[in-house]
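# Structural description and commentary
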Amino acid sequence: MAARQLLRAAPGRRGYSSAGAAEFLHRSIVPTMHYQKSLPRLPVPKLEDTITRYLNAQKPLLNDDQFRRTEELARAFEKGIGRELHEQLVAQDNQNKHTSYITGPWFDMYLKAREPVVLNFNAFMSFNPDPKSEYNDQLIRATNMTVSAIRFMKTFRAGFLEPEVFHLNPEKSDTEIFKKIIRFVPSSISWFGAYMVNAYPLDMSQYFRLFNSTRLPKPDKDELYTDEKAKHLLVLRNGNFYVFDILDRDGNMLKPSEIQAHLKYILSDNSPAPAFPLGYLTSENRDTWASLRKSLLESGNEEALQKVDSAMFCLSLDDFPVKDFVHLSHTMLHGDAANRWYDKSFNLIITKDGTAGINFEHSWGDGVAVLRFQNEVFKDSTETPAISPQSQPASVDSSRAVQKLDFKLNDALKAGITKAKQKFDATVESLSLNMIQFQEGGKELLKQKKVSPDAVAQLAFQMAFLRQYDQTVATYESCSTAAFKHGRTETIRPASVHTKKCSEAFVKELSKHSTEELQNLIVECSKYHGRLTKEAAMGQGFDRHLFSLRYLALSKGLALPDFYQDQAYARLNHNIISTSTLVSPAVQLGGFGPVVADGFGLGYQVQDDWIGCNVSAYPARNGKEFLECIHKSLEDIFSVLKGKKISS
């Protein structure tokens, strides 16, 4: 989710079908996948660089004796088995130039994980409300967002979706003239043409999995399934499953008024909630769910499950309004499992008061693709909505068009659902979500002071944890490597010797430092964090490289090298503070669960004049207190940057 792109829709023509609805968001001059072939490959870093970066990340977490031991193991690994594995990885990478060295291992990591996807992997991003308040009606918003989502899908599949490009100099590269020229440059070299004007096309290989896709539970390793021929939408309401075709035989979208009619029919259906809601199964341990799914198939539910798995996407209509931001986060991060299908590539969730969000499964792709989808859907549904509050639903027989799915459940399946519900309810009950908005400044002031906004936010997290727990711990910040073919993410390691020194100065030794000295410490942190961010975005972090070498050793049946058995390695990968950031005009807030039981999941955004943080935690940690410490840290940092003296 850390991609910070310029997302601009092309001012192309809309296409209209015989149904009268605009079928496309826009028609890009440059074909969607024009740059894909010539994207640069994700580099395999030099082993010595990886080891140096690894040791730099370990330094603030270890005492001198521990660090000496870890350094010995790292240097032995670098000279011995690590070198052999690295050479094998490079050779393997050279034989697979169509992809990246991380693709296989990363898919495996996700798909072999046996923990439930909800709270452990799925993340959420909630939409801002429609600026026109009367459009935030559940039926109107559900219709408009569904139409925009289908327009996005059709625009993408037709090759009309504007390619995803990060423009460093938009005056030169984000212009009609440049696009008209670059479209004639062959795909095999088009990336270089964009690079010449400081534009960086991003990988779009994940986008096809947005639609008609689901993660299927299988013993030991799940599978990703996509069926692009399917033409129906899955709608969940009150734990009941409904499907209706949203495209006709020729692939044209239904009229928006017909979609509105079908959704209205579903919203007014007073069928009781099922006694054993199937959605809970997708919240289970993956092996448990795999065996229950086998029973479902054997009990005559194959056709119904096929409808669920192949649907365009899952639209979840909740029967309650959102009370506040905390309630919003709970609703979008997990909600009621009866009304979700967590295995779908995404659930578009719309509550009674028209609040909307997306909960997405993470194995198929990263925040970059989902964020682009959200930005386009928000822009289209608010600027050119398909229906208005005055629109009347079409006079169609929705009772014939909409099919309610029925599932045949034996006693073992009923027991499985009951157990899944008990586990889910207990886990959700133990999860706390809290948030703050720091209102005393943001990106603008920090840029004036020539410090990185992201570095300051991360420094505040380090300072806060030190204040609360008197410790510096393993911290993870996600960074997109979508600038490379089949890039996924790399880790920025925000806890450094610089943040530790600065945090200790603020928290423990305030009286010993002048305001100027504290300012200098903040600047040091900013410079170092900037370097780490740049390295990660350029595929020069160390986490994915070490992960791939370990994966290679295990896949070859080798004994796990001592380097990986070091407690310090395990501790570094036990990410107590897991963070991810995004800023978008479409997104109100985003979040995810803690990645370890004694950790924090921290979604944050640094806006022009405020900073927002959304923290999840289990009982082992106090999220509310952590946020108070973050607020105090931000106050102190901003005061010092303004030249004010602070008190402890």
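Residues numbered from 1 in each chain as written. Predicted model: local features only at pLDDT ≥ 70, side-chain atom pairs only at ≥ 80, totals over all residues. Heavy atoms only, no water.

### Details of the UniProt feature "domain: Choline/carnitine acyltransferase" (unreviewed entry) in the chain
Heads up, the rule is: UniProt positions are given in the numbering used here, feature names are shortened, and annotations may be inferred rather than shown by experiment. Numbering of helices and strands runs from the N terminus, with a helix taken as a DSSP run of H or I at least four residues long and a strand as a DSSP run of E at least two residues long.
The feature "domain: Choline/carnitine acyltransferase" (unreviewed entry), as given by UniProt, occupies residues 42–632 in the numbering adopted here. A distance of 40 Å separates the end C-alpha atoms of residues 42–632, which is 45% helix and 15% strand.

### Quick notes on the layout of surface pockets
Stated formally: Cavity means a closed set of points on a 1 Å grid over the protein atoms alone, one where a 1.4 Å probe fits but cannot get out, pocket means an open set with protein on both sides within 12 Å along at least 5 of 7 lines, and lining means a residue has an atom within 4 Å of a point. Grid points are joined across faces, edges and corners, and a volume is the space filled by probe spheres set on the points.
Put simply, the second largest pocket is a space of about 1200 Å³. Where the lining of the second largest pocket is concerned, the elements lending two or more residues are helix 4 (103–112), strand 13 (475–480), strand 14 (489–492), helix 20 (543–555), helix 22 (567–572) and strand 15 (577–581). Ranked by the residues each element gives to the lining of the second largest pocket, the list is headed by helix 20, at seven residues.

### Here we look at the side chain of Ser388
Rule in force here: Relative accessible area decides the class of each residue, using a 1.4 Å probe on protein chains only: under 20% of the type maximum gives buried, over 50% gives exposed, and in between gives partly exposed. Between two residues, a contact is recorded if the distance between any of their heavy atoms is within 4.5 Å.
Structurally, Ser388 is set in the loop between helix 13 (367–383) and helix 14 (398–401). For Ser388, a relative accessible area of 18% gives the class buried. Once residues lying within four places of it in the same chain are set aside, the contact partners of Ser388 are Tyr135 and Ile140.

### Focus: the pattern of salt bridges
Test applied: Any carboxyl oxygen of Asp or Glu that lies within 4 Å of a side-chain nitrogen of Lys or Arg is treated as forming a salt bridge with it.
Tallied over the entire structure, the rule returns 35 salt bridges. As a salt-bridge pair, Asp65 and Arg68 come within 2.5 Å of each other at their nearest N and O atoms. Here the residue Asp65 and the residue Arg68 both occupy positions in helix 2 (residues 64–79), the gap between them amounting to three residues, near one helical turn. Using a relative accessible area of 47% as the deciding quantity, one classes Arg68 as partly exposed. Among the salt bridges present, the one from Lys132 reaches Asp130, with a minimum N-O distance of 3.7 Å. A cluster of three or more residues bridged by salt bridges with shared partners is formed by Arg114, Arg215, Asp222, Arg286, Asp287, Asp343 and Glu361.

### A short note on the packing of helix 17 (residues 453–469) against helix 23 (residues 623–641)
Put simply, the rule reads: To obtain an axis, a line is fitted to C-alpha atoms, over the contacting stretch when the element is a helix, and the angle between two such axes runs from 0 to 180 degrees between their N-to-C directions. Put simply, angles under 35 degrees are roughly parallel, angles over 145 are roughly antiparallel, angles from 65 to 115 are roughly perpendicular, and the rest are oblique. Helix crossings fall into two classes, left-handed where the near helix is turned counterclockwise from the far one by less than a right angle and right-handed where it is turned clockwise. Side-chain classes are defined by residue name, with Ala, Val, Leu, Ile, Met, Phe, Trp, Tyr, Cys and Pro counting as nonpolar, Asp, Glu, Lys and Arg as charged, and the others, Gly among them, as polar.
Two elements in contact, helix 17 and helix 23, have axes whose closest approach is 8 Å; the angle formed by their N-to-C orientations is 125°. Accordingly, the angle class assigned to the pair helix 17 and helix 23 is oblique. Note that helix 17 runs across helix 23; the crossing there is right-handed. Together, Val456, Leu459, Ala460, Phe461, Met463, Ala464, Phe465, Arg467 and Gln468 of helix 17 and Glu625, Phe626, Cys629, Ile630, Lys632, Ser633, Leu634, Asp636, Ile637 and Phe638 of helix 23 make up the contact between the two elements. Broken down by class, the residue content of the contact of helix 17 with helix 23 amounts to 13 nonpolar, two polar and four charged.

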